[in-house]
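# What the coordinates show
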Amino acid sequence: MPEPMSSVSFPSAFLWGAATSAYQIEGAVREGGRTPSIWDTFSHTPGRTAGGEHGDIAVDHYHRYREDVALMADLGLGAYRFSISWPRVQPTGRGPAVQVGLDFYRRLVDELLEKGIKPAVTLYHWDLPQELEDAGGWPERDTAYRFAEYAQIVGEALGDRVEQWITLNEPWCSAFLGYGSGVHAPGRTEPAATLRAAHHLNLAHGLGASALRSVMPARNSVALSLNSSVVRPVSQDPADLAAARKIDDLANGVFHGPILHGVYPESLYAATELLTDWSYVLDGDLAAINQPLDALGLNYYTPALVSASDAESTGPRADGHGASEHSPWPGADDVLFHQTPGERTEMGWSIDPTGLHELIMRYTREAPGLPLYITENGAAYDDKPDPDGRVHDPERIAYLHGHLSAVRQAITDGADVRGYYLWSLLDNFEWAYGYEKRFGAVYVDYSTLVRTPKSSAYWYGKAARTGALPEVDEVF
């Protein structure tokens, strides 16, 4: 008999986790044979990041991982999603693994399992080995083959103990921010290369999934995490609806089309025909990409609001993806992005839990029967310790309550959502924003690296332990 549903309680098997990524937290960038990734190069290039900040030390998780795992255990979390640093494991992106690099992740996994926390591995969270970028990066087909080799190496090393695997995190950001607007590493601004990169990331996912399955137990789950956009038109005018469709293709269809259905949208081809003929999509590619998934990860922060542009349209592009003279939306210069209404986080992103519900229900229809996980969701606020050293963040608690309630409503409405990973466990290096934006449930004093759980960490920990959402005004 199904469990009784309510507005605040979750199914008993629901997985409560937190997430991080390697470059944002590990530090130790020159230890154990690790070589530079594109984010090392990018963050050390003047003008690329806020204050010239970088991840050389980050929050020193490489040396403090036992402390961080103990924090998760104390809070009662059931799962931890982390990423593998590709250049720590395979420094040039080619050839055999560096065992000392793999050993770090072996120790981390063992520590998690000892504490009863399920590890979930993301193979790629944006830290491409610099040598592969020097050879052309994701716009080059060879990078997808290199990723498959890397996936096999890590799968062989950890597949006996890690059951949840994610090939890529947010390939949209890798392609469209890395090669389109240039606000992410490697900082290129080449519209046609953006689309080639997207295809080769798709191919890397498919080849990587096959490589993982070739070396791991059949019980293991292979997924990927998409930051699919909830794209809303400002009106039902046909021109605004067409603008929303164009952005939906570029944000969503370019990935879930081939990955879930084995095809790219015809409307995507039409919208980008002046930029590329897509001749790099070779025979057999779509079949290789369209591997069966065991689950799909969805990352959500805020919706997008668009219209057709007109001669009066001026001002910066309000798409929430950083300031650049170059658009991350190839072939969409005729689309205008609008500020979405409502309260905002420190990122300037509007707070709209209805978008998360909408996203979950969309993929429930797009891929019926496919289990879903919310692999990232969270908010940045200007958190500061009080005179007693405690960090109260009621805004984040309200944010989490609203979005987890939306997840629960989606489950009530028939969606198979099996877990939620809070972004992020720790305050950390927030890419081009440096250390300005604090997403963590755990406050990090960057001068001492002391960790202090915020009120939201205790709130979320209680939810994880009880399977029910505490009241937003409960005192911790």
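Where an unreviewed UniProt entry is consulted, the protein chain appears under the name Beta-glucosidase, with the organism given as Streptomyces lanatus. Quoted verbatim from the Sequence similarities (unreviewed entry) field of UniProt, the annotation for the protein chain is "Belongs to the glycosyl hydrolase 1 family." The Catalytic activity (unreviewed entry) comment attached to the protein chain in UniProt states, word for word, "Hydrolysis of terminal, non-reducing beta-D-glucosyl residues with release of beta-D-glucose."

## Side note on the sheet that holds strand S8 (residues 304-308)
With respect to topology, three strands assemble into an open sheet ordered S6-S8-S9, the strand pairing being mixed. The open sheet has two free edges, formed respectively by strand S6 (231-233) and strand S9 (335-338), since each of these has just one partner strand. Adjacent strand axes in the sheet meet at a mean angle of 40° when their direction is disregarded. Two elements, S8 and S9, share four bridges in a ladder whose sense is antiparallel. Each residue of the ladder has a partner; that of Ser307, found in S9, is Leu336. Of the strands in this sheet, S6, S8 and S9 touch helix H10 (residues 238-261), which is tilted by about 130° from S8.

## Quick word on the pairing of strand S1 (residues 15-19)
In terms of burial, S1 is largely enclosed, as five of its five residues are buried. By the alternation rule, side chains of S1 split into Leu15, Gly17 and Ala19 and Trp16 and Ala18, which are all buried. As defined by bridge partners, S1 adjoins strand S11 (residues 417-423) across five bridges and the pair is classed as parallel. The residue of S11 that forms the bridge with Trp16 is Tyr420. As paired elements, S1 and strand S2 (residues 79-83) share three bridges and run parallel to each other. The residue bridging Ala18 from the neighbouring strand is Tyr80, located in S2.

Definitions and cut-offs
- Residues numbered from 1 in each chain as written.
- Predicted model: local features only at pLDDT ≥ 70, side-chain atom pairs only at ≥ 80, totals over all residues.
- Heavy atoms only, no water.
- UniProt positions renumbered as here; feature names shortened; annotations may be inferred.
- Pairing = 2+ DSSP bridges.
- Helix = DSSP H or I, 4+ residues; strand = E, 2+ residues; numbered from the N terminus.
- Axes fitted to C-alpha atoms, helices over the stretch in contact; angles between N-to-C directions.
- Contact = heavy atoms within 4.5 Å.
- Buried < 20%, exposed > 50% of the residue type's maximum accessible area, 1.4 Å probe, protein only.

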